[in-house]
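This is what each chain is made of:
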Amino acid sequence: MATVTPHKRRRRVMAQMTMVMNLDKCIGCHTCSVTCKQAWTNRAGTEYVWFNNVETRPGQGYPRAYEDQDRWRGGWVRTPSGKLKLRSGNRIQKLLGIFASPRQPGIDDYYEPWTYDYENLTRAPLGDDFPVARPKSLITGEDIDIKASSNWDDALGGSAATEANDPILVKLREQANKRIKLSFERNFMFFLPRICEHCLNPSCMASCPSGAIYKRSEDGIVLVDQDRCRGWRQCITGCPYKKIYFNHRTGKAEKCTLCYPRLEEGIPTVCAETCVGRLRYLGVVLYDPDQVGAAAAVESEQDLYPAQLDLLLDPTDPDVIQDARASGIPQDWLEAAVKSPVYALIKHFRVALPLHPEYRTMPMVWYIPPLSPVVELLSEQGHDGEAAGNLFGAIDALRIPVDYLAELFTAGNVDAVTATLQRLAAMRSYMRDVTLGNERQPDIARAVGMEPAAVEQMYRLLAIAKYDERYVIPKAHREGCDEPHGMGCSLDVDGGPGMQNAGFCGSNRRYPVPVSIESFAASQARRDGGEHAT
């Protein structure tokens, strides 16, 4: 009798544009933040909005203490039955609070935006004193005493002035019963750039009563439909990363668009293109959307990182390729997935980690944790900071607060962060011999489960990768698109989508609102004249 081969289930395959940031290279220059703001949020109502911001760690972040989900109620939680529900409440609870949502950051949690009265420097009457350009509030127009900004922790020098309000330090201090001493100024400080995570399981989308937030099927970018948005602001509560902002002028929610008009043309995002440290990587990963819910609902929070890794499919697997083609993934996107630097860093080399996987949103902006503080500390103590034995020993001895990194990237799984840091340390030590012309030491690579050739590949990608190796971005396909987008940015002018006179909860206010790119004198003149902003 002939043997009947069981039919294999054909899985759905979707593509996701993903970013990886190498925190070892970030110098906190804020070029990414400034260029993003000039491209996307240089208009009225967005003065406090930073789609991309750079935070100093340890620190409170932006908005302040956004990681304190006991306060903000963002993300998902797992029920005893093994299902997921929004931390902010079920549908009935959200409907009851639709007109009053108290779980919202206020202007004090962000900062009161300001400009400077520069014209006073040139127009002040002759006198004995030097004129000054006083800071002026962009909300009231009055003099302001600057007490906060999008990275106020950096302005305070990462000192103990902010440690009491850092949610991660507070958590670690409570868990360790004050075992962890706040000597981080001698151990480490690093910068953490943040954009929207464009999650696989976005809680902002599930929180929106009007269905205005959607995830693009072709590339996974999460966007806000400005025409459908009614300004309920439930998405701001639902997002645990607080990367959705409310424009009080238009009555609409706005967020990072991952510069999709640029990506559709194969061009990197503004933040990646202008990054001084070349720390950002962009590429495509493939995943099975039918498994996202199960992965996000694993029982242990520390299993969320490996569960998310398992979601990412091998783009060289013939079965994956066959299923992807059946799912409508274009051939050039499959080829881009094979060359993807983000897949290599996340899944192949396993040196990139997700930000706060315990929120169960399956974030798709990943981070390579910093290693430089270990090297600097060893060198200061008179040791060879690049020697493999010294590096591994420093990591094992917790010479940097690995606990802190684990709370950021692996829901407290210290072993996963330690393994990542050891691979990075092995690469440094192995490649130093290569660079100096010494004999290669393959045992260094094998000590962390890698082959020497793999270490050299990882070094090329992390250290000397060229432009087209860091950004592997397939162009958008226009087939079946009735109104393809051009290269214009949909939110960069007042006349863009959602900026027109809208209906209920979305109308423009008739009082003047100062624009951040105006001088203070210009905004005052417009305010006094009573003319509507254009």
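Everything quoted here is computed from the prediction, not taken from an experiment.

A. Structural view of the overall build of the chain. For the chain, the helix and strand inventory stands at 25 helices and 15 strands. Considering only contacts within the chain whose residues lie at least 6 apart along the sequence, 71% involve residues at least 24 apart.

B. Inspection of the pairing of strand 1 (residues 14–22) at higher detail. Counted residue by residue, strand 1 has nine buried out of nine residues, so it is predominantly covered. Every second residue of strand 1 is oriented toward a common face, with Met14, Gln16, Thr18, Val20 and Asn22 on one face and Ala15, Met17, Met19 and Met21 on the other, all of them buried.

C. Spatial organisation of the packing of aromatic side chains. If you walk through the whole model with that rule in mind, you get twelve aromatic pairs. Between Phe51 and Tyr245, the aromatic rings sit 6.3 Å apart at their centres with planes inclined by 40°, giving tilted as the arrangement. Of this pair, Phe51 sits in the loop between helix 1 (31–40) and strand 2 (53–57) while Tyr245 sits in strand 10 (residues 244–247), placing them 194 residues apart in sequence. An aromatic cluster of at least three residues, connected via ring pairs, comprises Tyr48, Phe51, Tyr62, Tyr110, Tyr111, Trp114 and Tyr245. In this structure, Lys37 is placed above the aromatic ring of Trp50, and the distance from its NZ or CZ to the ring centre is 4.7 Å.

D. Summary view of the state of the cysteines. Following the criterion strictly, the structure yields zero disulfides and no others. The thiol of Cys29 is unpaired, and the distance to the nearest cysteine sulfur, on Cys32, comes to 6.3 Å. For the unlinked cysteine Cys259, the closest cysteine sulfur is that of Cys271, found at 6.1 Å. Here Cys259 falls in the buried class, since its relative accessible area comes to 6%.

E. Representation of the sheet that holds strand 1 within the structure. On the basis of which strands lie adjacent, the open sheet formed by five strands has the order 13-12-1-15-14 and mixed pairing. Across the chains shown, the open sheet's two edge strands, defined by having one partner strand only, are strand 13 (312–313) and strand 14 (353–354). When strand 12 (residues 280–287) meets strand 13, the two strands line up antiparallel, connected through two bridges. Note on strand 13: the bridge partner recorded for Leu286 is Leu313.

F. Seen up close, helix 1. Every buried residue of helix 1 is accounted for by Cys32, Ser33, Cys36, Lys37 and Trp40. Along the long axis of helix 1, the arc covered by the buried residues comes to 125°, so they all point the same way. Looking at the buried side of helix 1, the elements it contacts are strand 2, helix 11 (260–263), helix 12 (270–273) and strand 12.

G. Structural detail: helix 23 (residues 452–463). Taking 1.5 Å per residue as the helical rise, helix 23 with its twelve residues ought to reach 16 Å, and the 16 Å between its terminal C-alpha atoms agrees with that figure. Among the residues of helix 23, Pro452, Ala454, Val455, Met458, Leu461 and Leu462 are the ones counted as buried.

H. Quick look at the side chain of Gln226. Inspection of the secondary structure puts Gln226 in the loop between strand 9 (222–224) and helix 10 (234–238). At a separation of 2.8 Å, a polar atom in the side chain of Gln226 contacts the main-chain carbonyl oxygen of Ala253.

I. Molecular detail of the pattern of salt bridges. In total, this model carries 18 salt bridges according to the counting rule given. The shortest N-O distance in the salt bridge between Glu55 and Arg57 comes to 3.1 Å. Glu469 is the partner of Arg460 in a salt bridge, and the nearest nitrogen-oxygen pair spans 3.1 Å. Accessibility expressed as a relative area gives 25% for Glu469, which makes it partly exposed. Linked by salt bridges that have partners in common, Glu55, Arg57, Glu67 and Arg194 make up one network.

J. Here's a closer look at the environment of Val13. Mapping Val13 onto the fold places it in the segment before strand 1. In the structure, Val13 is positioned 313 residues away from Ala326 in sequence and 8.4 Å away in space, judged by C-alpha atoms.

K. Seen up close, the environment of Gly28. Tracing the sequence through the fold places Gly28 in the loop between strand 1 and helix 1. Taking the relative accessible area as the measure of exposure, Gly28 reaches 13% and is therefore buried. Separated by 249 residues in the primary sequence, Gly28 and Gly277 place their C-alpha atoms 9.4 Å from one another. In contact with Gly28, other than residues within four places in its own chain, are Val54 and Phe191.

L. Looking closely at the environment of Ala337. Along the chain, the position of Ala337 falls in helix 16 (residues 331–339). Once you skip the residues sitting within four places of it in the chain, Ala337 turns out to touch Val284, Leu286, Pro315 and Tyr343.

Conventions used here
Every chain begins its residue count from 1, and numbering advances along the sequence as written. Only residues with pLDDT of at least 70 are given local features in this predicted model, and only at 80 or more are side-chain atom pairs given and counted; all residues enter the totals for whole chains, interfaces and linings. Heavy atoms throughout the structure, all of them, feed into the side-chain values; hydrogens and water do not. Here a strand is any run of E in DSSP of at least two residues, a helix any run of H or I of at least four, and the numbering for each starts at the N terminus. Should any heavy atoms of two residues lie within 4.5 Å, those residues are counted as being in contact. Partly exposed describes any residue whose relative accessible area lies between the buried limit of under 20% and the exposed limit of over 50%, with all areas from a 1.4 Å probe on protein chains only and scaled to the type maximum. A pair of aromatic rings is counted whenever rings of Phe, Tyr or Trp (Trp by its six-membered ring) have centres within 6.5 Å, and the orientation is called stacked for planes under 30 degrees apart, edge-to-face for over 60 and tilted otherwise. Each ring is checked for a lysine NZ or an arginine CZ that lies within 6 Å of its centre and within 35 degrees of its normal; such an atom marks a charge sitting over the ring. By definition, disulfides here are pairs of cysteine sulfur atoms that lie within 2.5 Å. Strand pairing is defined by DSSP finding a minimum of two bridges between the two strands. Taken from the helix axis, the directions to the C-beta atoms give the arc we talk about. One less than the residue count of a helix, multiplied by 1.5 Å, gives the span that helix is expected to have. A 3.5 Å cut-off defines polar contacts: any pair of N or O atoms within that distance qualifies, except that in protein one atom must be a possible hydrogen donor and the other a possible acceptor, and neighbouring residues in sequence count only when both atoms are side-chain atoms. Salt bridges are identified by distance alone: a Lys or Arg side-chain nitrogen within 4 Å of an Asp or Glu carboxyl oxygen.

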